Structure formats: structure tokens, C-alpha cells
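A closer look at the structure
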Amino acid sequence: MPELPEVEVTRRSFADRIAGARILGVSLGKPLRWPLGIEPASLVGQGVLGVRRRGKYLLLELDCGLLLIHLGMSGSLLFAPVLPPRGTHDHFELVTTQGVLRLHDPRRFGAVVHASGLDDPVAAKLLGKLGVEPLEAGFDPTAFHRALRQRRAPIKQVLLAGDIVVGVGNIYASEALFLAGIRPTTRADRIGLPRATRLHAAIVDVLGRAVALGGSTLRDFSSAQGQQGYFQMEAMVYGREGQPCRLCGGAVKAIRQGQRSTFFCPHCQRP
Ligand SMILES: [Zn+2]
């Protein structure tokens, strides 16, 4: 599943190239998770001003309103001057004066939704509950610690919920907790300021490195230029059950938390 770094890598891979383009045509394939919410024809002629990101949503800013794009479980975007004819799993396509933007989404959990602006109820519903952006200045260790003190759930699940800080998905939560030396099952409200500060730094470090490495290609992620990511090669614990911890040499453990796999080192990560 594409997480924040993959979405940011996708954004960077086409934002500059599509900015300033004009929409020439829109094609839809099979229904996605949510409907587009506007007549496709009314997008034709509009200019694309830029591409921003909020959480795992890409915001394609148009002359009138914006398109919110979510990659769902298996989606990827391609942007190229010309693309071969659409295949079975290509469910949204924007033909512009600067290239074709195409959403490839075999499982169709992704979506492209039009909103008149950020205060549009549709946008507010999708973006309104998102926590702070981890790679922006608003993510502050003291405020992070204060928010964690309100939660009794295990820290890993609190991170995944995304309402305190957005975009720390399954891989990156395991990795950040390892770097911070915190056991994933630790109750969030039991984490003191020094450990919360270490976790804050670890989240920034892990997500920043993942973006720099082009994200993680676990199944089929690639950027809008078709490039794979390499973060998974650097993982300290994720996907390494039974293998030696890269710090202490002990065996990495795997447990299930809320239907998801969690990887940690029992020696390096304290409850
Ligand atoms: Zn260890």
C-alpha cells in the first residue's frame, strides 16, 4: 500500500512537469472507491496550477477547484508525454497539453474526487481529520508528546491512526519505533517527553530517508516516472522476522497488532 513517502515521491515525479498544463480530455474506467463528483467534460479547458500533498492525498490544483487523488491499496500514477492505450486497470486519465496523467489501480481502492476548494464538504470530509504533516515545521516534539499523553492505546496503533501525525504507516511506524528504542505495544500515554522527543526525531528521519530513497517498493509501487523505491532494502526490522537485529544481533520478532504485522527487537526496544 502506498504510504506517505511513496505519495510524496509520486508528487515530486510529476508536479513540475504538469504545472501550467491545460486539460484536453478526461477518461474514466471502472468506478473507483468514490465518484469523481463532477461532469468530466467540465474539467476540459482548465489549467493545472500545481500539485500539493496532504497526508496520502495528492491535490491537483485547477483553475476552478481541485482534484483529490488517492492511490488506495495498489494505485500508481504515470505521467508521460504519450502513453499506450488504456489497459483494464487504468481507471482515470487526464490528457493535458504537457502529457497524460493516468491512474493505474488494479484493486480500485483509489479515487479521484473533485472539490471546489479545501472548504468544500467533500474535501473537509477526506482531509479534515488528518493530523499534522510529519515533514513540515508544524510537527513539534512537545505538542506530539502532549497528544500522546491523551491516548491509552499501544503507540504503534496511535501512530497508524494518523490523527496525531499523518502518514506514519505500517512500515515506517515499525522502523521509527525501532530507532527510538520503544516497544510497539507500549501505551502511548506512558511515553515520557525524552522518549517522545526521540520518537519524533525518528519519524522525521525515517520518512525523510524514505522519500530520498524513492519510497518502498514492496509489491508494485513505482513513481509517476516508473521508478521503484529502495527504502525497504534499508529496513532495520520491517519484514525481518527471525533475522538478526542490525544493532544487537538478537532475533527480530513479529507480532500482530490490529490486523497488521509489527516487527521489533525485544532487546533494543523497551516497553
Ligand atoms: Zn536489537
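Here goes a summary of the coordinates provided. (Residues numbered from 1 in each chain as written. Predicted model: local features only at pLDDT ≥ 70, side-chain atom pairs only at ≥ 80, totals over all residues. Heavy atoms only, no water.)

A few points about a nonpolar patch on the surface
Taken together, Met1, Met73 and Phe109 make up a surface patch of nonpolar side chains, about 250 Å² in accessible area. Within the secondary structure, methionine 73 is located in the loop between β4 (66–70) and β5 (76–80). (Patch = residues over 30% accessible without salt bridge, like charges linked within 9 Å, V, L, I, M, F, W, Y side chains within 5 Å. Areas by Shrake-Rupley, 256 points an atom, 1.4 Å probe, with all protein chains shown as cover. Salt bridge = Lys/Arg side-chain N within 4 Å of Asp/Glu carboxyl O. Helix = DSSP H or I, 4+ residues; strand = E, 2+ residues; numbered from the N terminus.)

Concerning the packing of aromatic side chains
Inspection of the entire model under this criterion finds 3 aromatic pairs. Where tyrosine 238 meets phenylalanine 263, the ring centres are 5.1 Å apart and the plane angle is 70°; that geometry is what we call edge-to-face. Of the two residues, tyrosine 238 is situated in the loop between α6 (193–212) and β9 (253–257) and phenylalanine 263 in strand β10 (residues 260–264); the sequence distance between them amounts to 25 residues. On the basis of relative accessible area, tyrosine 238 is assigned to the partly exposed category, the value being 22%. (Phe/Tyr/Trp six-rings, centres within 6.5 Å; stacked < 30°, edge-to-face > 60°. Buried < 20%, exposed > 50% of the residue type's maximum accessible area, 1.4 Å probe, protein only.)

Things to note about the sheet that holds strand β3 (residues 57–62)
Pairing is antiparallel in the open sheet, where 4 strands are placed in the order β2-β3-β4-β8. Looking at which strands have only one partner, the edges of the open sheet turn out to be β2 (48–54) and β8 (111–115). Looking at each pair of strands side by side, their axes are set apart by 20° on average, direction ignored. Across 5 bridges, β3 lies against β4 in antiparallel orientation. Its bridge partner being in β4, tyrosine 57 is matched across the sheet by histidine 70. Lying over the sheet, helix α1 (residues 4–18) contacts β2 and β3, oriented at roughly 170° with respect to β2. (Pairing = 2+ DSSP bridges. Axes fitted to C-alpha atoms, helices over the stretch in contact; angles between N-to-C directions. Contact = heavy atoms within 4.5 Å.)

So, the sheet that holds strand β1 (residues 23–28)
Read from one edge to the other, the open sheet built from 4 strands follows the order β1-β6-β7-β5, with strand pairing classed as antiparallel. Of all strands in the sheet, those with a lone pairing partner are β1 and β5, marking the two edges. Taking each pair of neighbouring strands and ignoring which way they run, the sheet shows an average axis angle of 10°. Where α1 meets the sheet, its contacts fall on β5, β6 (90–96) and β7 (99–104), and the angle it forms with β5 comes to roughly 30°.

Some details on the packing of helix α3 (residues 141–148) against α6
The contact between α3 and α6 brings their axes to 9 Å, and the two run at 115°. Taken as a pair, α3 and α6 cross one another with a handedness that is right-handed. Between α3 and α6, the residues in contact are Pro141, Thr142, Phe144, His145 and Leu148 and Leu193, Ala196, Thr197, Leu199, His200 and Ile203, respectively. A breakdown of the residues in the contact of α3 with α6 according to their chemical character gives 7 nonpolar, 4 polar and no charged. (Left-handed = near helix turned anticlockwise from the far one by under 90°. Nonpolar A, V, L, I, M, F, W, Y, C, P; charged D, E, K, R; others polar.)

Notes on the coordination of the zinc ion
The protein atoms that coordinate the zinc ion are Cys245 (SG), Cys248 (SG), Cys265 (SG) and Cys268 (SG), at distances spanning 2.3 to 2.4 Å. Classification of the site at the zinc ion rests on its 4 donor atoms, whose angles at the metal span 100 to 113°, yielding the label tetrahedral. Mapped onto the sequence, the residues coordinating the zinc ion show the spacing C-x2-C-x16-C-x2-C. Of this pair, cysteine 245 sits in the loop between α6 and β9 while cysteine 268 sits in the segment after β10, and the two are 23 residues apart along the sequence. Judged by relative accessible area, which is 5%, cysteine 245 ranks as buried. (Donors = N, O, S within 2.8 Å, 3.2 Å for Na, K, Ca; no water. Tetrahedral: all angles 85-135°; square planar, octahedral: opposite > 155°, others 65-115°.)

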